[in-house]
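Listed here are the chains, written in short residue letters.
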Amino acid sequence: MNYDVVIQDGFGFYCTEKLKESIASMVEDTGGWPRGTSTGNRVLLKVNMLAAKHPARGITTHPAVVAAVSSLLRDRGCEVFIGDSPGGAVKGVERYWRNCGFNTAAEITGARLVSFEGSGSRRITVHDREYDIALPILEGYDCKINMCKFKTHMYTRMTNAVKNSFGIVPGLGKAMLHMRSPRPRDLAVNIVDLYEIADFSLHISDGILCMDGRGPSTDGRRRHEGFLALSRNGVCLDMVLSQMAGLPWDQLDSNVEAFSRGLAKPFSEITVQGSHEFVDFDIPDRSYLNYIPRWLGSVARLLMRTAPVSNDSCTGCGVCKRACPVDAIEIRSGRAKMKKGTCIMCLCCHELCPENAVELKLPFGRS
Ligand code: SF4
Ligand code: SF4
């Protein structure tokens, strides 16, 4: 029987050889390798490269999982490419490749790294909305595989397969989307548009080391959950995992939006092999921004949106100021001050601060 979603639990740590064996059998249980993964085919692995942090932090897709998939594909005679567009990569993605371990994953398996920023983009219209999409997503590959990280997200509540499509927008375009859609419910519309454009053939979720609480980056709490999950359908995968983690599938905006477009079968009809038990998994509350009416307009959107703010740990070192692409940071009285009106929410300061001193604050003092 071919299952819609396959979950394998009990991974104590990341071992590429063990992962290879498990993923090979999981792929078989979902109907085998998708089209475009045979000898001579070019396969793109779209990872989650959110922050240039060590893989042990549980923020990014672990390189051992990427290496396992890459190695399986190389064994099938494919050429393998690894890419993503993290928000802070406008000043170079090489640091992400190095710090997240993707350099090593590529080196040991003969894969190549692709810079979405350096590959150009093309404007795509879907459902009357326009997006600039990284070219590697649109052309040049026979198959695209979504290699996401399972985590909570303090804004969208959870991020996994569908949300990982956000990284197909290169450079600061992602920040612009956040500004255009400050309500998570609206952002979910954009995320599902991007999921449709990405058109991944297979979704592999890394939930071995993951994150709960104030994810998806340094503010979250690292968790060892020890599972991998795999599906041909990213929406079904998200529905099953959110429900298992304690967030009913229809409480996740991207699930609801995708389901309303017919991108997944009814929850009760999704066939699942395996499971994982989450214990005390801390899922962020539904953002109150969802309840603010859209007609409040652009001024309200500016007031409503999240903004980076330095806290008492700030040493005034200036790393964030040098990284900010729009000169929105001043160092005053030994502390960084972010100008909300200029900030485009690229999150470089949040990601690069050596003191973890940049918090993302919701309006009205909430965080
Ligand atoms: S990088 Fe961090 S510690 Fe340095 S000035 Fe910016 S907020 Fe402060
Ligand atoms: S203040 Fe921070 S989040 Fe805002 S644009 Fe500058 S670096 Fe990006």
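Here the structure is a predicted model, which is why all the values come from computation and not from measurement.

### Looking at the site of ligand 2
Phase 1 of the analysis: The environment of ligand 2 is made up of Pro308, Cys324, Val326, Ile329, Met338, Cys343, Ile344, Met345, Cys346, Leu347, Cys348 and Cys349.
Phase 2 of the analysis: Here the residues of the shell around ligand 2 are counted per class, giving 12 nonpolar, no polar and no charged.

### Structural notes on the packing of helix α6 (residues 173–180) against helix α7 (residues 184–198)
Phase 1 of the analysis: Here α6 crosses α7 at 140°, and the two axes come no closer than 9 Å. Taken together, the axes of α6 and α7 are oblique relative to one another. Our pair here, α6 against α7, has a crossing hand that is right-handed. Here Leu177, His178 and Arg180 of α6 come into contact with α7, specifically with Leu187, Asn190 and Leu194.

### Regarding the packing of aromatic side chains
Phase 1 of the analysis: Applying the stated criterion to the full structure yields eight aromatic pairs.
Phase 2 of the analysis: Ring plane angle 10° and centroid distance 6.4 Å describe the contact between Trp249 and Phe267, whose orientation is recorded as stacked. Here Trp249 is found in the loop between α8 (234–245) and α9 (253–260), whereas its partner Phe267 is found in the loop between α9 and β11 (272–273), with 18 residues between them in sequence.
Phase 3 of the analysis: Put simply, the rings of Phe150, Phe227, Phe278 and Phe281 touch in pairs and so form one group of aromatic residues.
Phase 4 of the analysis: Above the face of the Tyr141 ring, Arg42 is positioned so that its terminal group lies 5.0 Å from the ring centre.

### A look at the domain arrangement of the chain
How big an interface is tends to be stated in terms of the accessible area lost upon association of its parts.
Phase 1 of the analysis: Split by domain assignment, the chain resolves into domain 1 (5–273) and domain 2 (305–362).
Phase 2 of the analysis: Each of domain 1 and domain 2 was reduced to a C-alpha centroid, and the two centroids are 28 Å apart.
Phase 3 of the analysis: On the side of domain 2, 16 residues touch domain 1, which itself brings 22 residues to the contact.
Phase 4 of the analysis: Of the roughly 1,400 Å² buried at the junction of domain 1 and domain 2 (both faces included), carbon and sulfur atoms supply 58%.
Phase 5 of the analysis: Inspection of the region where domain 1 meets domain 2 yields zero salt bridges.
Phase 6 of the analysis: Applying the counting rule to domain 1 against domain 2 returns one residue pair in polar contact (both at pLDDT 80 or more).
Phase 7 of the analysis: Counting residues per element, the ones that place at least two in the side of domain 1 that touches domain 2 are α3 (94–99) and α6.

### Considerations on the pairing of strand β7 (residues 143–153)
Phase 1 of the analysis: Counting buried residues along β7, 11 of its 11 residues qualify, which places the element largely inside the surrounding structure.
Phase 2 of the analysis: Of the two faces of β7, both are covered, the one formed by Cys143, Ile145, Met147, Lys149, Lys151 and His153 as well as the one formed by Lys144, Asn146, Cys148, Phe150 and Thr152.
Phase 3 of the analysis: By the bridge criterion, five bridges tie strand β2 (residues 42–47) to β7 in an arrangement that is parallel. Each bridged residue has a counterpart across the sheet, and for Leu44 the counterpart in β7 is Lys144.
Phase 4 of the analysis: Pairing geometry for β7 and strand β9 (residues 202–213), over six bridges, is parallel. Along β9, the bridge assignment pairs Met147 with Ile204.
Phase 5 of the analysis: Looking at chain direction, β7 and strand β8 (residues 157–159) are connected through three bridges and run antiparallel. Across the sheet, the residue bridging to Lys151 is Thr159, located in β8.

### Observations concerning the nonpolar core
Phase 1 of the analysis: The biggest cluster of nonpolar side chains holds 50 residues, and the ones touching the most others in it are Ile133, Phe150, Leu194 and Ile197.
Phase 2 of the analysis: For this core, the elements supplying multiple residues, two or more each, are β1 (5–9), β5 (121–126), β6 (129–134), β7, α7, β10 (220–231) and α8.
Phase 3 of the analysis: Membership of the second largest hydrophobic core comes to 41 residues, among which are Met26, Ala105, Ala106 and Leu230.

### Comments concerning the pattern of salt bridges
Phase 1 of the analysis: Taken as a whole and judged by the stated rule, the model has 22 salt bridges.
Phase 2 of the analysis: The salt bridge partner of Glu139 is Arg122, with a shortest N-O separation of 2.9 Å. Of this pair, Glu139 sits in the loop between α5 (135–138) and β7 while Arg122 sits in strand β5, and the two are 17 residues apart along the sequence.
Phase 3 of the analysis: Glu139 sits in the partly exposed class, given a relative accessible area of 41%.

Here is what the cut-offs are and how they apply
- Residues numbered from 1 in each chain as written.
- Chains lettered and ligands numbered in written order.
- Predicted model: local features only at pLDDT ≥ 70, side-chain atom pairs only at ≥ 80, totals over all residues.
- Heavy atoms only, no water.
- Near = heavy atom within 4 Å.
- Nonpolar A, V, L, I, M, F, W, Y, C, P; charged D, E, K, R; others polar.
- Axes fitted to C-alpha atoms, helices over the stretch in contact; angles between N-to-C directions.
- Helix = DSSP H or I, 4+ residues; strand = E, 2+ residues; numbered from the N terminus.
- Parallel < 35°, antiparallel > 145°, perpendicular 65-115°, else oblique.
- Left-handed = near helix turned anticlockwise from the far one by under 90°.
- Contact = heavy atoms within 4.5 Å.
- Phe/Tyr/Trp six-rings, centres within 6.5 Å; stacked < 30°, edge-to-face > 60°.
- Lys NZ or Arg CZ within 6 Å of the ring centre and 35° of its normal.
- Domains from an automatic or database assignment.
- Buried area = accessible area lost by both parts, 1.4 Å probe.
- Salt bridge = Lys/Arg side-chain N within 4 Å of Asp/Glu carboxyl O.
- Polar contact = N/O pair within 3.5 Å; in protein donor to acceptor, adjacent residues only side chain to side chain.
- Buried < 20%, exposed > 50% of the residue type's maximum accessible area, 1.4 Å probe, protein only.
- Pairing = 2+ DSSP bridges.
- Core = buried A, V, L, I, M, F, W, Y, C linked by side-chain atoms within 4.5 Å.

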